[in-house]
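A structural walkthrough
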Amino acid sequence: MLALSWLIRNETPEDLAAIEALQADAFGPGRFAKTAFRLREGVDHDPRLSFVGMSGDVFAGSVWLTPITIGGAPSQLLGPLAVAPAFKNKGLGRLLVNQSLKTALAFGERSVLLVGDAPYYGPLGFEPVPPGSITLPGPVDPARVLVANLVPGSPMPVGQARGGRG
């Protein structure tokens, strides 16, 4: 079996329809009720920090980072991360996350928050948030609240998470 090669690039406005269709397929209509979506509601994701993965000329996946604030500290929210079914479990999701984190650091971001599975995201630099140290605008399993501190040795952000900056 030949290994797939990926092209990871910033999303463009022309990608939006494919990204939204992939997110709808991956997460269904219930995605709008999730706590992470509530953080993103009314806040545009940051296209400088959002990427698509291509296999040749085929759209294969995407990741978004959206500006948020935790306490008084600026941060980013990772998600949705979505990979088309034909390309799952082939490393694309990890590449998309790694690219978004590396680019976020280059743009001066200090942390990235997400609600997700620790076994998947832990090896990518995310660690569990101590219960109660970051509060979200809706119910969430505390074991799924994870943060990546992009600057080694920097403190984990604490406080209420809300969408946007300022």
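**With respect to the confidence of the model for the chain**
On average, the chain scores 90 in pLDDT, and the residues at 70 or more come to 92%. Looking across the chain, the model is least confident in helix α2 (residues 35-40), with a mean pLDDT of 81, and most confident in helix α3 (residues 92-106), with 97.

**Looking at the pairing of strand β8 (residues 145-149)**
Most of β8 sits inside the fold, with four of its five residues counted as buried. Bridging between strand β5 (residues 111-115) and β8 involves five bridges; their strand directions are antiparallel. Considered in β8, the bridge of Leu114 is made with Leu146. Note that strand β6 (residues 127-128) and β8 share two bridges and pair antiparallel. If you follow Glu127 over to β8, its bridge partner there is Val147.

**Quick look at the environment of Pro47**
Tracing the backbone through its elements, the reader meets Pro47 in the loop between α2 and β2 (51-55). Each C-alpha atom, one on Pro47 and one on Glu20, is 14 Å from the other, the two residues being 27 residues apart in sequence. When neighbours within four sequence positions are excluded, Pro47 is seen to be in contact with Asn10 and Glu11.

**As for the nonpolar core**
Among soluble globular proteins, nonpolar side chains are generally buried collectively. Among the nonpolar cores identified, the biggest contains 31 residues, and Leu78, Leu81, Val97, Val112, Tyr121 and Phe126 are the most heavily contacted of them. Put simply, the parts of the chain that give this core at least two residues each are α1 (16-27), β2, β3 (58-70), β4 (73-83), α3, β5 and β8. Those residues within four positions of Leu78 in sequence are excluded, and the remaining contacts are Val63, Trp64, Leu65, Val97, Ser100, Val112, Leu113, Leu114, Tyr121 and Phe126. Formed by 11 residues, the second largest nonpolar core is a distinct cluster that contains Ile68, Ile134, Val147 and Ala161.

**Topic: the pattern of salt bridges**
A full pass over the atoms with the stated rule returns four salt bridges. For the salt bridge of Arg48 with Asp46, the shortest nitrogen-to-oxygen distance reads 2.7 Å. Exposure remark for Arg48: the relative accessible area of 39% places this residue in the partly exposed category. Look at Asp46 and you get buried, because its relative accessible area is 10%. Across the pair Glu109 and Arg165 runs a salt bridge, and its minimum N-O distance is 2.9 Å.

**Some points on the pairing of β4**
One face of the sheet, then the other: side chains in a regular strand alternate in exactly this way. Counting buried positions along β4 gives nine out of 11 residues, so the element sits mostly inside the fold. Of the strand pairs in this sheet, β3 and β4 are connected by nine bridges, and their pairing is antiparallel. What sits directly across from Leu65, in β4, is Leu78.

Cut-offs applied
- Residues numbered from 1 in each chain as written.
- Predicted model: local features only at pLDDT ≥ 70, side-chain atom pairs only at ≥ 80, totals over all residues.
- Heavy atoms only, no water.
- pLDDT = per-residue confidence, 0-100.
- Helix = DSSP H or I, 4+ residues; strand = E, 2+ residues; numbered from the N terminus.
- Buried < 20%, exposed > 50% of the residue type's maximum accessible area, 1.4 Å probe, protein only.
- Pairing = 2+ DSSP bridges.
- Contact = heavy atoms within 4.5 Å.
- Core = buried A, V, L, I, M, F, W, Y, C linked by side-chain atoms within 4.5 Å.
- Salt bridge = Lys/Arg side-chain N within 4 Å of Asp/Glu carboxyl O.

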